[in-house]
Amino acid sequence: AYAMLTHQAEYPPVVQCAVFKTDDRAVFVDKREIDAPIQEQVEKAYQYVLEKINMGARFQGVYRQDIYELPPDSIRELIANAVSHRSYLDPAKVQVAIYDDRLEVTSPGMLIGGITIEDLKSGCSRPRNRGIVSAFTYMKIIEQWGSGIPKMISACKEAGLPEPELKEMGGNFRVNMFRPGEKSTQ
């Protein structure tokens, strides 16, 4: 955990971010690799997504309030979870992919300890990387209560978006958060 948090690992983890032109990974519009201490990876990947998704506004009195098409707290949660709970034994990278219809966050490693997707939706959590989770909790990046996924589901419903799709595939864990106007592939 110390090596990841201080960016001193022999082979430091990297977060890949990209915007794709189509609904697959055939054509890049933009891409970035974030090679930094893992807490900075969370912040930089979060900012990348906010820069690339649509933003509108509403006014309260004379003050403008920016409104993103996806709930920002849920975006942050997805990225923080991907970085903190990934398998650091797997050389694959956390991937944050933006498509016309969805935000897709993929983390190396399957769910651990018998946890199921339904368990996650109901607030169950089991940390894979206790040192990183403890540090992220101390830094107030995560809460370590298992509340993030239920909050994300609730925020998407409140925003009129489909429920995010959580799935295990090919040794990875992926969450798809669907953008407005698009239907879930579930």
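Above this note sits the structure.
The following refers to the structure shown. Because the structure is a prediction, the values reported are computed rather than measured.

## As for the packing of helix 2 (residues 38–52) against helix 3 (residues 72–85)
Link 1 in the chain: Their axes nearest at 9 Å, the elements helix 2 and helix 3 cross at an angle of 145°. Regarding helix 2 and helix 3, the two cross each other, and that crossing is right-handed. Only Pro72, Ile75, Arg76, Ile79, Ala80 and Val83 of helix 3 make contact with helix 2, whose side of the interface consists of Ile38, Val42, Ala45, Tyr46, Val49 and Leu50.
Link 2 in the chain: Here the residues of the contact of helix 2 with helix 3 sort into 11 nonpolar, no polar and one charged.

## Concerning the packing of helix 3 against helix 6 (residues 148–158)
Link 1 in the chain: Running from N to C, helix 3 and helix 6 point in directions that differ by 150°, and their axes come no closer than 9 Å. Between helix 3 and helix 6, the crossing angle belongs to the class labelled roughly antiparallel. For the pair helix 3 and helix 6, the crossing hand works out as left-handed. Contacts between helix 3 and helix 6 involve Ser74, Glu77, Leu78 and Asn81 from the first element and Gly148, Ile149, Met152 and Ala155 from the second.
Link 2 in the chain: Taken together, the residues that form the contact of helix 3 with helix 6 break down as four nonpolar, three polar and one charged.

Each value, and the rule that gives it
- Residues numbered from 1 in each chain as written.
- Predicted model: local features only at pLDDT ≥ 70, side-chain atom pairs only at ≥ 80, totals over all residues.
- Heavy atoms only, no water.
- Axes fitted to C-alpha atoms, helices over the stretch in contact; angles between N-to-C directions.
- Helix = DSSP H or I, 4+ residues; strand = E, 2+ residues; numbered from the N terminus.
- Left-handed = near helix turned anticlockwise from the far one by under 90°.
- Contact = heavy atoms within 4.5 Å.
- Nonpolar A, V, L, I, M, F, W, Y, C, P; charged D, E, K, R; others polar.
- Parallel < 35°, antiparallel > 145°, perpendicular 65-115°, else oblique.

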